[in-house]
Amino acid sequence: MANLDEEISRRRTFAIISHPDAGKTTLTEKLLLFGGAIHIAGAVKSNKIKKTATSDWMEIEKQRGISVATSVMGFDYGKYKINILDTPGHQDFAEDTYRTLTAVDSVIIVVDVAKGVEQQTRKLMEVCRMRNTPVIIFVNKLDREGRDPFDILDELEAELKIAVRPLSWPINIGAKFKGVYNIYEHSLDLFTPDKQKATERVEIDDINSPLIDEAVGETDAAKLREDLELIEGVYPEFSVDDYLAARTAPVFFGSALNTFGVKELLDCFVKIAPSPKPVQAEEKTVSPSDPGFSGFVFKIHANMDPNHRSCIAFVKICSGRFERNAPYKHVRTGKTLRFASPTAFMAQKKSIVDEAFPGDIVGIPDTGNFKIGDTITSGEEIHFRGLPSFSPEMFMYIENTDPMKSKQLDKGVRQLMDEGVAQMFTHQFNGRKIIGTVGQLQFEVIQYRLLHEYGAQCRWEPMSMYKACWIESDDAAALENFKKRKHQFMATDREGRDVFMADSRFVLQMAQTDFPKIRFHFTSEF
Ligand code: G4P
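Below or above, wherever it landed, is the structure these notes cover. (Residues numbered from 1 in each chain as written. Predicted model: local features only at pLDDT ≥ 70, side-chain atom pairs only at ≥ 80, totals over all residues. Heavy atoms only, no water.)

1. Description of the pattern of salt bridges
One pass over the structure, following the stated rule, counts 37 salt bridges. Here R11 and E7 are joined by a salt bridge, their closest N and O atoms 2.7 Å apart. When sorted by exposure, R11 lands in the same class as E7, which is buried. We note a salt bridge from D86 to K24, for which the minimum N-O separation is 3.2 Å. Within this pair, whereas D86 is found in the loop between β3 (80-85) and α4 (94-101), its partner K24 is found in helix α2 (residues 24-34), the two being separated by 62 residues in sequence. Classification of K24 by relative accessible area gives buried; the value is 8%. (Salt bridge = Lys/Arg side-chain N within 4 Å of Asp/Glu carboxyl O. Buried < 20%, exposed > 50% of the residue type's maximum accessible area, 1.4 Å probe, protein only. Helix = DSSP H or I, 4+ residues; strand = E, 2+ residues; numbered from the N terminus.)

2. Quick word on the site of the ligand
The local shell around the ligand holds 17 residues, among which D21, T25, T26, D143 and S255 are the closest. Here an oxygen atom of the ligand sits 2.6 Å away from a polar atom, N or O, in the main chain of D21. Between the ligand and K141 there is a distance of 3.1 Å, counted from an oxygen atom to a side-chain nitrogen or oxygen. Considering every element that reaches the shell around the ligand, the biggest residue donor is α2, with three residues. For the shell around the ligand, the residue count by class is four nonpolar, seven polar and six charged. (Near = heavy atom within 4 Å. Polar contact = N/O pair within 3.5 Å; in protein donor to acceptor, adjacent residues only side chain to side chain. Nonpolar A, V, L, I, M, F, W, Y, C, P; charged D, E, K, R; others polar.)

3. Looking at the side chain of K486
With respect to the helices and strands, the residue K486 is situated in the loop between α13 (476-485) and β29 (490-492). It is D514 that comes nearest to the buried, bridge-free K486 among opposite-charge side chains, at 5.8 Å. Excluding residues within four positions of it along the chain, K486 makes contact with F500, A511 and F515. (Lys, Arg positive; Asp, Glu negative; His and termini not counted. Contact = heavy atoms within 4.5 Å.)

4. Some thoughts on the sheet that holds strand β8 (residues 179-182)
Here we have four strands laid out as an open sheet, ordered β7-β8-β9-β10, and antiparallel in their pairing. A strand with exactly one partner marks an edge of an open sheet, and here the two such strands are β7 (168-171) and β10 (200-203). Here the strands of the sheet are splayed against their neighbours by 20 degrees on average, with no regard to which way each runs. Relative to strand β9 (residues 187-190), β8 is paired through four bridges, and the arrangement is antiparallel. When the sheet's bridge partners are listed, V180 is paired in β9 with D189. (Pairing = 2+ DSSP bridges. Axes fitted to C-alpha atoms, helices over the stretch in contact; angles between N-to-C directions.)

5. Re the packing of aromatic side chains
Given two aromatic rings, their pairing is described by the distance between the two centres and the angle made by the two planes. Taken as a whole and assessed by the stated rule, the structure comprises 22 aromatic pairs. Aromatic pair F482 and F515: ring centres 4.8 Å apart, planes at 90 degrees, arrangement edge-to-face. One end of the pair, F482, is in helix α13; the other, F515, is in the loop between α14 (505-514) and β31 (519-521), and 33 residues separate them in sequence. Grouping residues by exposure puts F482 and F515 together as buried. Put simply, the rings of F293, F322, Y328, F339 and F370 touch in pairs and so form one group of aromatic residues. Here the basic side chain of K467 rests over the ring of Y466, its NZ or CZ set 5.7 Å away from the ring centre. (Phe/Tyr/Trp six-rings, centres within 6.5 Å; stacked < 30°, edge-to-face > 60°. Lys NZ or Arg CZ within 6 Å of the ring centre and 35° of its normal.)

6. Examining unusual backbone geometry
In this structure, H186 takes a positive phi of about 55 degrees despite not being glycine. Among the structural elements, H186 can be located in the loop between β8 and β9. A relative accessible area of 43% means that H186 is categorised as partly exposed. One non-glycine residue, N325, lies in the positive phi region at around 70 degrees. Structurally, N325 is set in the loop between β16 (322-323) and β17 (327-330). A relative accessible area of 36% places N325 in the partly exposed class.

7. Here we look at the sheet that holds β31
Adjacent strands of a sheet form backbone hydrogen bonds with each other and so pair up, either parallel or antiparallel. The eight strands are arranged β27-β24-β26-β25-β29-β30-β28-β31 in an open sheet whose pairing can be described as antiparallel. The sheet is open, and its two borders are formed by β27 (458-462) and β31, each paired with just one other strand. Strand-to-strand, the axes of this sheet are offset by a mean angle of 40 degrees, without reference to chain direction. Bridge count between strand β28 (residues 467-472) and strand β30 (residues 498-502): four bridges; the pairing is antiparallel. Pairing of K467 across the sheet is with A502, part of β30.

Now the structure itself:
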């Protein structure tokens, strides 16, 4: 029987995040190639809806199909077991990405060398910072013309608000790109554009070695030495502890498309990236090596087949050993459940597993038992936290357009909210239901899925709204006073908590100034 501690320490569970088009899919694919999980480039389908296809339902359905297959990609690399959690590329699904980030122990951020830090990356980094997730940055597309690497480092530091430390360094860029010097391993990797093969490597024991001049020419060798000297002068020595504490992000340069710099990234990653960490539950900190099994649902994926409404709940294992058919407690409902066909994700295949370990994700077929954030244990009464809902950015009233189908509509909306597709609020003033999302696309998805999966029809009525924020106060009278004064802007979320619906930034600022005893929160967990 596998040893629990050994299984934990060899696991690396992480997500690759980027702004669309920076190269996340390409990098994922190359990592799978190195792990022997796939054999040819092009095997991983891009998990993204092209920008032009926002109203193309076939695309959305295709995307949902693809994303089940590529939601989690597990493979062995040397002695390590790697789990890559995929995140949706389209920004309208950002909430899905936020939740996936609660299930990973570290993150690799891909940045396009020409574009630098883009908006989506900045937002995702905020989530990483909130959770103290260690990040490694991969600056991609060095084979194309781009920015000066020192400028990129400055930008990363300023925009992502984290100290950076290059662990590899490019020799030229674009058409003149010759390779990268691996600061972490002291070797020189020479660039040969090739989409399938790894690169040629020259081991260097000293930066003054003439081997460098031979390989890249005297001028570039001199420039490299100068750059490295500057790096050593400017950046403190790399500290794994600083990385693990999310204070410093190591930076690698390369070209995912050309499989360049990817193996170096992976080799360093498995060595320094954290294995599953303790997870905070409401009642206690749960250590992965605790003997009792525990885990939480971070994602629910609806079945593609509308006639058989079943879902897959993705469970991140936090502690102990997960075993097939063992009786587990579903803490929210108190029910005892047995899972006869849990699936693990190896490469792009799903297969039934008998056991799994902390850091692993198991997929559990579900017919409506689970909600995002649910905890499952081998008996203990604990609740995992850390799956906050973020303040949505777009709001619409949802209206039923087929009075004969109001039951179906209610059920559909409830289940879609359980899946975490969007958030629902009830306006206290007029009792109307408000759906809040992070992107326009979600409204279309909801409308489409309600019709196709539940036979219910809805219509959206626009409302002008800036932000929904959860409010609380230590002073009950102050809270009551606020709610009375703002009653036409008050709503409740699905758990019955008070939410203030500010219709403009100005209104929110005024409320914050006028009611100092009220705390305004922009995520549901505080
Ligand atoms: P994403 O998942 O982050 O959205 O990005 P993806 O990997 O799909 O890459 C976006 C585009 O960038 C793709 O081109 C991909 O081939 C290209 N790319 C990725 N890495 C590199 C690199 O190192 N160098 C260069 N030059 N290009 C790179 P595309 O034309 O949009 O798609 P495709 O038709 O090639 O699939």
